[in-house]
Amino acid sequence: MLTNPSFHGGPLQFIPTVRSELCCPIQLHRRRLASSTLENRRRRRRSISRSFNQFSIRASEDVSVLAVDSAAVQASPFSVRIPVGDRHIMVETGLIGRQASGAVTIRDGETIIYTTVCLADVPSEPSDFFPLSVHYQERFSAAGRTSGGFFKREGRTKDHEVLICRLIDRPLRPTMLKGFYYETQVLSWVFSYDGLHPPDALAVTAAGIAMALSEVPNSEVVAGVRVGLIGEKFIVNPTIQEMENSKLDLLLAGTKNAILMIEGYCDFLPEDKLLEAVEVGQDAVRGICNEVEALVLKCGKPKMLDAIKVPPKELYKLVEEIAGSELVEVLQIKNKIPRRKAISSLEEYVISILSEKGYISTIESFGSTETMPDLLEEDEDEEVVVDGEVDEGDVHIKPVARKTVPLLFSEVDVKLVFKEVTSKFLRKRIVEKGKRSDGRSPQEIRSIDARCGLLPRAHGNALFTRGETQSLAVVTLGDKQMAQKIDNLVDEDEYKRFYLQYSFPPSCVGEVGRVGAPSRREIGHGMLAERALEPILPPEDDFPYTIRVESTITESNGSSSMASVCGGCLALQDAGVPVKCSIAGIAMGMVLDTKEFGGDGTPLILSDILGSEDASGDMDFKVAGNDVGITAFQMDIKVGGITLPIMKQALLQAKDGRKHILAEMSKCSPPPSRQLSKYAPLIHVMKVKPEKINIIIGSGGKKVKSIIEETGVEAIETQDDGVVKITAKDLSSLEKSKAIISNLTMVPIVGDIYRNCEIKSIAPYGAFVEIAPGREGLCHISELSANWLAKAEDAFKVGDRLDVKLIEINDKGQLRLSRRALLPDAEPEKQSTKPRSASLQNDNVVSPRTPDKGKPKKAVTLSKDGSASERAEPLKEKTVPIKVSSPATDKTQPKKSGGNISSKSGNAVVNGEAKVV
């Protein structure tokens, strides 16, 4: 017998890795009170002996013997090509990351994902939450780039990386077997990216394959795919270019038999179309899982099934006997906080009763209770330990008669069992009596209250309350400088003109907790609400604002992300954003196995679930949209998966719920103002000739900076296609800057009259007169006066002001002016035979343009503080109206072509005649 688990000698070295409390001295000294029995210890010794004799690597509950022999450690690489959609993905294992419990490289085109799964050597404290952590990172080197930061390396996890971490985590968690407490970590990197095949769905599949190959005991293989809808055809794992034309973005994960997670966004897609997409995705997942199972049979590692420790059945019976009747009454308390406190008090009562009866061990290092039932076996021998000895070789066996030994449980096990019993009683009440904790029926929606305009200085705000869930949504409007920049693997700057930020402070559930950077949950919920609202926003050409929505959860008892959708929609309307329609969101739950509680076996779908129903139920299905279709959805399953008929029932019931919520939102009091706040910035959009943009900017941006300083506007943004956007806080500054830019970029028309113009310089042959800022023309000496002049200096000097008329534009664009033509005794001037050219300064008319298809237009924004930003924007090949954001700016706009005006300063042409205001 091996008396010491460590053995040193010979050419090979065996090093034990303890997976449990095998050698704990307290357990050996108190063998009669411990959970391990004689049969368990014999099994452990046999395991060590087999490992010693066979020189093999074995991952077990107690000891892992590692043979340090390179020939034994190295494994042969395995690879398999799996058909997915219209192409194949390549899966390879055994070449990279051989020391990880599971490692896999997956390739689609030239996009390559590397994923590993590792687990701790010792188990963590038992918990109702599986200790799984996921980290996903996109390396800039994958696309041949370097991070733009000072340290030139990847930093903290970006928001879109957090979202992919959640996509990986959510389908894996339901497949983990209960009672496995070893901390498990999934690491995933993008090592190569071709800009064509997105990595997120690949990362989900790679994590599922790595987990299947590892020692972690999970129930089934998990895989994920993306489904797009182009025209009427569903595409599995579409490329980036294909997704630009897709009406649907669905990411689905599951096993070969069931669906575990779906998440996606669409443009008011009907429920039946969504179900068709899910069916297409499930077929693709099934094909991947079948291929992966064959790979696991070849190179998968043995699962650590012996390491699973679950509380004994006897403990469930004891807890139900002590707290059963009280639980029935406590679960009928309607309000969340009193119900939570009552359940917590009942849990403490159960622990105290079990402690008084001697069922709970007070030793912190007390082992697992997994073998408690063995103490009740009829023919068990008592074990005697020699005083002062702890080695297993000194243990003597003495047969004795069976004694009555009380069961001993750890306090952690009691808490786990109490929570499961509570969930069981909650589900039983819903199935048997058709009543939930707050007294509602399964299809009933909580009471709804909505009001707008609570915050006077905010651009738009709404308070949405549904039962004990409440969201305060605030909208802020701004220009392009407020847009959110996104770092990505593609060498192009990406900006978001609409984003929603969700915050969940601990006070919303009456608790004390961490406050700081947003958690992964907050980022995920915010993105779901953002993508739900995005389809109802107007295009940028109609509403040139950047829109930020903040949703602060002030109360929470289930479905706070869907409350953010409802509150955000009302806040957008209150801010004057011309949304296409109203949308609402609802969260659905489910009790899958109703036979257990006397039902007919049909899954019970719950509408507008509470927090307790989310925790104790089998599904959390969030759906946002209107009565026509769906804009966003997210489903998480906490059991082995659901089928399409169940999902169809949930979608139809969710549609009825959305209709009810929309009807209640229409009763909002006070209602949304539906107009721009007086505190919101004004944005004016005007169109000039593209070649005039440089005149506005000036050398090194000097001209545009001087305009901002002179007029007091916030920012002036110029684009290569001639679009100019002026952002100001008040109408007067907006008008000033608009007049200056109009004069700078105006197209002079022969016959126009310019009054009170300044003489800038005098030459022997005439005077140069400034008819607009930066625009001068020559008034020849013969045109200065009706009488003959020998020198221009005889009658005029620099700084004098006079009225002039434009009589000619030569081929070089030079202007010829005349003062004599305006004198009373002057003869009519011969008009130029050149046709009059129309001004391009019609700010509020439809302006057809055909941009170059091959060149993206660039936008340069200069703000009041002098900072400038440049970004590339995609071109839109359509005719769009250029509108002024504030109706007040349109009142002084002349209808006649070529009418450039200024209400405050500068020269302007009004009805063919220039005036100084």
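Rules of the game
- Residues numbered from 1 in each chain as written.
- Predicted model: local features only at pLDDT ≥ 70, side-chain atom pairs only at ≥ 80, totals over all residues.
- Heavy atoms only, no water.
- Helix = DSSP H or I, 4+ residues; strand = E, 2+ residues; numbered from the N terminus.
- Buried < 20%, exposed > 50% of the residue type's maximum accessible area, 1.4 Å probe, protein only.
- Areas by Shrake-Rupley, 256 points an atom, 1.4 Å probe, with all protein chains shown as cover.
- Axes fitted to C-alpha atoms, helices over the stretch in contact; angles between N-to-C directions.
- Left-handed = near helix turned anticlockwise from the far one by under 90°.
- Contact = heavy atoms within 4.5 Å.
- Nonpolar A, V, L, I, M, F, W, Y, C, P; charged D, E, K, R; others polar.
- Pairing = 2+ DSSP bridges.
- Expected span 1.5 Å × (residues − 1).
- Phe/Tyr/Trp six-rings, centres within 6.5 Å; stacked < 30°, edge-to-face > 60°.
- Lys NZ or Arg CZ within 6 Å of the ring centre and 35° of its normal.
- Salt bridge = Lys/Arg side-chain N within 4 Å of Asp/Glu carboxyl O.
- pLDDT = per-residue confidence, 0-100.
- Core = buried A, V, L, I, M, F, W, Y, C linked by side-chain atoms within 4.5 Å.
- Polar contact = N/O pair within 3.5 Å; in protein donor to acceptor, adjacent residues only side chain to side chain.
- Parallel < 35°, antiparallel > 145°, perpendicular 65-115°, else oblique.
- Lys, Arg positive; Asp, Glu negative; His and termini not counted.
- Disulfide = S-S within 2.5 Å.

This brings us to the overall build of the chain. Per the secondary structure count, the chain includes 18 helices and 38 strands. Of all 917 residues assigned to the chain, the portion counted as buried reaches 51%. When the accessible surface of the chain is split by element, carbon and sulfur atoms take 51% of a total near 42,100 Å².

Further remarks concern the packing of helix α16 (residues 702-711) against helix α17 (residues 731-745). The interhelical angle for the contact between α16 and α17, taken along N-to-C directions, is 150°, at an axis separation of 9 Å. By crossing handedness, the relation of α16 to α17 is classed as right-handed. Residues K703, I707, E710 and T711 of α16 form the contact with α17, whose participating residues are S733, K736, S737, I740, I741 and L744. Classifying every residue of the contact of α16 with α17 gives 4 nonpolar, 3 polar and 3 charged.

Most of strand β18 (residues 469-478) sits inside the fold, with 8 of its 10 residues counted as buried. Taken together, the 7 bridges between strand β17 (residues 460-466) and β18 define a ladder with antiparallel strand orientation. Bridging across to β18, A462 finds its partner in A473. The turn linking β17 back onto β18 is made up of 2 residues, and G467 within it adopts a positive phi angle of 65°.

Moving on, we come to helix α11 (residues 520-533). End to end, α11 covers 20 Å across 14 residues, agreeing with the expected 20 Å (1.5 Å per residue, within 8%). Of all 14 residues that make up α11, 11 are buried, and the element is covered over most of its length. Every buried residue belonging to α11 is among E522, I523, G524, H525, G526, M527, L528, A529, E530, A532 and L533, and all of these are buried.

Time to look at helix α5 (residues 200-213). Given a rise of 1.5 Å per residue, 14 residues ought to cover 20 Å, and the 20 Å separating the end C-alpha atoms of α5 matches this to within 8%. The element α5 is largely enclosed, with a buried count of 14 among its 14 residues.

What follows concerns the sheet that holds strand β16 (residues 448-452). With mixed pairing, 5 strands are arranged side by side in an open sheet as β16-β17-β18-β22-β21. A single partner strand is all that each edge strand has here, and the edge strands are β16 and β21 (498-503). Direction aside, neighbouring strands of the sheet carry axes that sit 15° apart on average. Two strands pair when backbone bridges link them, and β18 and strand β22 (residues 546-555) are joined in this way by 9 bridges, in the antiparallel orientation. From the neighbouring strand, G478 faces β22, where its bridge partner is T546. Along the sheet, helix α12 (residues 560-574) contacts β16, β17, β18, β21 and β22; its crossing angle with β17, the most-contacted strand, is approximately 145°.

Right, let's get into unusual backbone geometry. One can expect most non-glycine residues to show negative phi and most peptide bonds to be in trans. The residue after S669, namely P670, is reached through a cis peptide bond having omega -5°. In this structure, P670 sits in the loop between α14 (644-665) and β27 (682-687). Backbone geometry places D608, a non-glycine residue, at a positive phi of 55°. Looking at the element boundaries, D608 is found in the loop between β24 (604-607) and α13 (611-616). Of note, the phi angle at N756 is positive, near 55°, even though the residue is not glycine. Tracing the backbone shows N756 in strand β30 (residues 753-763).

What follows concerns the packing of aromatic side chains. Under the counting rule described, the total for this entry stands at 9 aromatic pairs. Clustering of aromatic rings is evident, with ring pairs tying together Y114, W189 and F191. Lying over the aromatic face of Y679, R457 brings its terminal NZ or CZ to 3.8 Å of the ring centre. Between R521 and the ring centre of F504, over which it is positioned, the NZ or CZ distance is 4.2 Å.

In total, this model carries 42 salt bridges according to the counting rule given. Measuring nitrogen to oxygen at the nearest pair gives 2.8 Å for the salt bridge that ties K273 to E232. Pair noted here: K273 is in helix α7 (residues 271-299) and E232 is in the loop between β10 (223-230) and β11 (233-236), with a separation of 41 residues, a long-range link. Residue classification places E232 among the exposed residues on the basis of a relative accessible area of 59%. Between D800 and K797 there is a salt bridge whose closest N-O contact spans 3.3 Å. For K797, a relative accessible area of 53% gives the class exposed.

Detailed reading of the predicted model is not advised wherever pLDDT is low. The pLDDT averaged across the chain works out to 80; a share of 76% of its residues lies at or above 70. Across the chain, the element-wise mean pLDDT spans from 32 in strand β38 (residues 913-916) up to 97 in β17. Contacts of residues 364-405 to residues separated by more than four positions or lying in other chains number 74 contacts, the stretch itself having pLDDT below 50.

With mixed pairing, the 6 strands of this open sheet are ordered in space as β4-β5-β6-β7-β9-β8. Every other strand in the sheet has two partners, leaving β4 (78-84) and β8 (132-138) as the edge strands with one partner each. The average undirected angle you get between the axes of adjacent strands in this sheet is 20°. Sheet topology places strand β5 (residues 87-93) next to strand β6 (residues 102-108); 3 bridges connect them, and they run antiparallel. Each bridged residue has a counterpart across the sheet, and for E92 the counterpart in β6 is T105.

Of the two faces of β24, the one carrying L604 and L606 and the one carrying I605 and S607 are both buried. Here strand β23 (residues 584-591) pairs with β24 via 4 bridges, running antiparallel. Looking at the pairing, V591 lines up with L604 of β24.

This brings us to the nonpolar core. In terms of nonpolar packing, the biggest core is built from 142 residues, with I168, L248, I547, M619, F621 and M647 touching the most fellow members. When residues of this core are assigned to their parent elements, the largest contribution, 11 residues, is made by α5. If you look at the next biggest cluster of nonpolar residues, it comprises 30 residues, including A323, L346, I353 and I430.

Its place among the elements puts Q634 in strand β26 (residues 630-637). For Q634, a relative accessible area of 2% translates into the label buried. Along the backbone, Q634 and L252 are 382 residues apart, and their C-alpha atoms lie at a distance of 9.9 Å. Within the local environment of Q634, its side chain forms a polar contact with the side chain of E263, the two groups lying 3.1 Å apart.

Attention now moves to the packing of helix α8 (residues 313-330) against helix α9 (residues 336-356). Interaxial distance between α8 and α9 falls to 10 Å at its minimum, and their mutual angle equals 150°. What the angle tells us is that α8 and α9 run roughly antiparallel. Every pair of crossing elements has a handedness; the one defined by α8 and α9 is right-handed. Where α8 approaches α9, its residues L315, L318, V319, I322, A323, E326, L327 and V330 are matched on the opposing element by R339, A342, I343, L346, Y349, V350, I353 and L354. Looking at the contact of α8 with α9 residue by residue, the class counts come to 14 nonpolar, no polar and 2 charged.

With that settled, consider the side chain of R166. Assignment of secondary structure puts R166 in helix α4 (residues 159-172). Of the buried charged residues, R166 lacks a salt bridge, with D636 as the closest side chain of opposite charge at 5.6 Å. Discounting residues that sit within four places of it in the chain, R166 has contacts with P171, R520, R521, G524, H525 and Q634.

The tally for this structure, following the rule as stated, stands at 0 disulfides. C569 carries a free sulfur, and the closest cysteine sulfur to it, the one in C581, is 7.4 Å from it. Residue C569 is classed as buried on the basis of its relative accessible area of 0%.

Here P270 is to be found in the loop between β13 (259-269) and α7. Distance in space between the C-alpha atoms of P270 and L651 is 9.9 Å, their sequence separation being 381 residues.

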